[in-house]
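# Reading the structure
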There are 2 protein chains.
Amino acid sequence: MARAVSNQPTEVELQILRILWESGGSTAREVHNALTEIKGTTYSTTVKMLSVMLEKGLVRRDETATPQVYRAAMSQKVTQKKMLGDLIEKVYNGSALSLVLQALSSGKASADELAEVRKMVDELEGKKP
Amino acid sequence: MARAVSNQPTEVELQILRILWESGGSTAREVHNALTEIKGTTYSTTVKMLSVMLEKGLVRRDETATPQVYRAAMSQKVTQKKMLGDLIEKVYNGSALSLVLQALSSGKASADELAEVRKMVDELEGKKP
DNA sequence: AAAGAGTAGCGAATTCGTTCGTCACGTCAA
DNA sequence: TTGACGTGACGAACGAATTCGCTACTCTTT
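Residues numbered from 1 in each chain as written. Chains lettered and ligands numbered in written order. Predicted model: local features only at pLDDT ≥ 70, side-chain atom pairs only at ≥ 80, totals over all residues. Heavy atoms only, no water.

Right, let's talk about the overall build of chain A for a bit. On a plain count of helices and strands, chain A comes out with six helices and three strands. Going from N to C terminus, chain A has its helices and strands arranged as α-β-α-α-β-β-α-α-α. Its C-alpha atoms give chain A a radius of gyration of 19 Å, clearly above 14 Å, the size a compact globule of 129 residues would have. Projected onto its principal axes, the C-alpha coordinates of chain A cover approximately 55 × 40 × 30 Å. At a minimum sequence separation of 6, the contacts of chain A that also span at least 24 residues come to 44%. On chain A, roughly 7600 Å² of surface is accessible, and the fraction owed to carbon and sulfur atoms is 52%. Charge separation in chain A, taken as the distance between the mean sites of 18 positive and 16 negative side-chain charges, equals 4 Å. (Helix = DSSP H or I, 4+ residues; strand = E, 2+ residues; numbered from the N terminus. Rg over C-alpha atoms; globule rule 2.2 N^0.38 Å. Contact = heavy atoms within 4.5 Å. Areas by Shrake-Rupley, 256 points an atom, 1.4 Å probe, with all protein chains shown as cover. Lys, Arg positive; Asp, Glu negative; His and termini not counted. Charge placed at Lys NZ, Arg CZ, Asp CG, Glu CD.)

What follows is the structure, encoded as structure tokens:
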């Protein structure tokens, strides 16, 4: 048998989604121009990927426009939350806390960033005292 | 052409690793017993997966023991960090901060957990005043 | 109208992940 | 010793992901 279909976007799909999130909407050509810089694949591949993603519902397209314009079907934020939740579930045994602690202790956080995290914690604690 | 090999463990591989992390080391039979509860696959499949993972270097095995004992080649913590870093890179455009903020704002954090996060922030700030 | 250029779609080819059937071997009890 | 049983190794098979070649259209431009 084969592996089950993942509900998560794959590697390349994610790269394309990032391009679309940044642009807000692009033609196949525009997506290709951005994609080929990091992947070196052909135009044909890009178009195929877009059509696959269309079938999966990952992107929508405006067919009235010429050339057609593609947009991400889901916002970046929603997608991030989904994938984050998935990681927490599958890799952190459902513990968001240990993920957060590990992300912080990775040592990449600047003072400013730590301050932001603190602010967020303050806010959340204010809501449930 | 086909897709490139990912350096990250796949879905099933991850499930097996979690079993091994928890047990600290198991025979194929033991892994299978745990795996079949969530997957319903055959013993043959489990053994095959283990041998694939052995080739990939995801697990080691003690061949002197009978039956052979498998252990995860990498600690859970290291694997988590790798996968977390990957997610940050590919989904959060390299910003650990936005991942942390999103994880916190998901609203799943209890008061105790928030306190732990605060403690971590305190510690980190203490190191770079 | 014919040539040129870009857009879109289809299907084939390739590799990976996953699953399983089957065979070979070793051990242990009857 | 022989038969039952568990362990382990292959290789086949299938679907998913990815890549690309080729064809068909649609506009321009000459």
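From this point, things continue past the structure.
When chain A is brought onto chain B, the operation consists of a screw motion whose angular component is 180° and whose axial shift is 0.0 Å, with 0.1 Å RMSD remaining. Classification of the inter-copy transformation places it as that of a two-fold axis. Residue Val100 of chain A of chain A places its C-alpha closer to the rotation axis than any other residue of that unit, at 2.8 Å. Taken together, the interface assignments show that 100% of the residues at the interface of chain A recur at the interface of chain B, consistent with an identical surface on both copies. (Least-squares fit on C-alpha atoms with pLDDT ≥ 70 in both.)

So, about the packing of aromatic side chains. On inspection of all chains with the given rule, the structure shows zero aromatic pairs over all chains. Over the ring of Tyr43 of chain A we find Arg29 of chain A, and its NZ or CZ is 4.1 Å from the ring centre. (Phe/Tyr/Trp six-rings, centres within 6.5 Å; stacked < 30°, edge-to-face > 60°. Lys NZ or Arg CZ within 6 Å of the ring centre and 35° of its normal.)

With that settled, consider the interface of chain A and chain B. On the side of chain B, 40 residues touch chain A, which itself brings 39 residues to the contact. Of the roughly 4200 Å² buried at the junction of chain A and chain B (both faces included), carbon and sulfur atoms supply 61%. Viewed at the interface, chain B and chain A are joined by six salt bridges. Where chain A packs against chain B, one counts 18 residue pairs in polar contact (both at pLDDT 80 or more). When contributions to the side of chain A that touches chain B are tallied by element, the ones reaching two or more residues are α1 (11–23), α4 (76–91), α5 (96–105) and α6 (111–127) of chain A. (Buried area = accessible area lost by both parts, 1.4 Å probe. Salt bridge = Lys/Arg side-chain N within 4 Å of Asp/Glu carboxyl O. Polar contact = N/O pair within 3.5 Å; in protein donor to acceptor, adjacent residues only side chain to side chain.)

This part covers the environment of Arg61 of chain B. Residue and element names in this part refer to chain B. You can see Arg61 is positioned in strand β2 (residues 59–62). Residue Arg61 is classed as partly exposed on the basis of its relative accessible area of 29%. Along the backbone, Arg61 and Asp86 are 25 residues apart, and their C-alpha atoms lie at a distance of 27 Å. Within the structure, Arg61 has its side chain in polar contact with the side chain of Glu63 (distance 3.1 Å). Of note is the side chain of Arg61, whose polar atom sits 3.2 Å from the side chain of Gln68. (Buried < 20%, exposed > 50% of the residue type's maximum accessible area, 1.4 Å probe, protein only.)

Our focus in this paragraph is the nonpolar core. In terms of nonpolar packing, the biggest core is built from 69 residues, with Leu99, Leu104 and Val117 of chain A together with Leu99, Leu104 and Val117 of chain B touching the most fellow members. Apart from the residues within four sequence positions on either side, Leu104 of chain A is in contact with Leu114 and Val117 of chain A together with Val100, Val117, Met120, Val121 and Leu124 of chain B. (Core = buried A, V, L, I, M, F, W, Y, C linked by side-chain atoms within 4.5 Å.)

Residues and elements named next belong to chain A. As for its position among the elements, Thr79 is in helix α4. On the accessibility criterion, Thr79 (6% relative accessible area) is buried. Beyond its immediate stretch of four places on either side in the chain, Thr79 contacts Pro9, Trp21 and Met74.

Turning to the protein's contact with DNA strand D, a few remarks are in order. As a structural note, the neighbourhood of DNA strand D is formed by 25 residues, with Ala2, Thr10 and Ser44 of chain A together with Met1 and Arg29 of chain B the closest of them. Take the atoms of DNA strand D that sit within 4 Å of the protein: sugar and phosphate atoms are 64% of them. Residue Lys39 of chain A places a side-chain N or O atom 2.8 Å away from a phosphate oxygen belonging to DNA strand D. Measuring from a phosphate oxygen of DNA strand D, one finds a side-chain N or O atom of Arg61 of chain B at 3.0 Å. Among the elements that make up the surface near DNA strand D, the one with the highest residue count is helix α3 (residues 43–56) of chain A (five residues). Its residues assigned to classes, the surface near DNA strand D comprises nine nonpolar, seven polar and nine charged. (Near = heavy atom within 4 Å. Nonpolar A, V, L, I, M, F, W, Y, C, P; charged D, E, K, R; others polar.)

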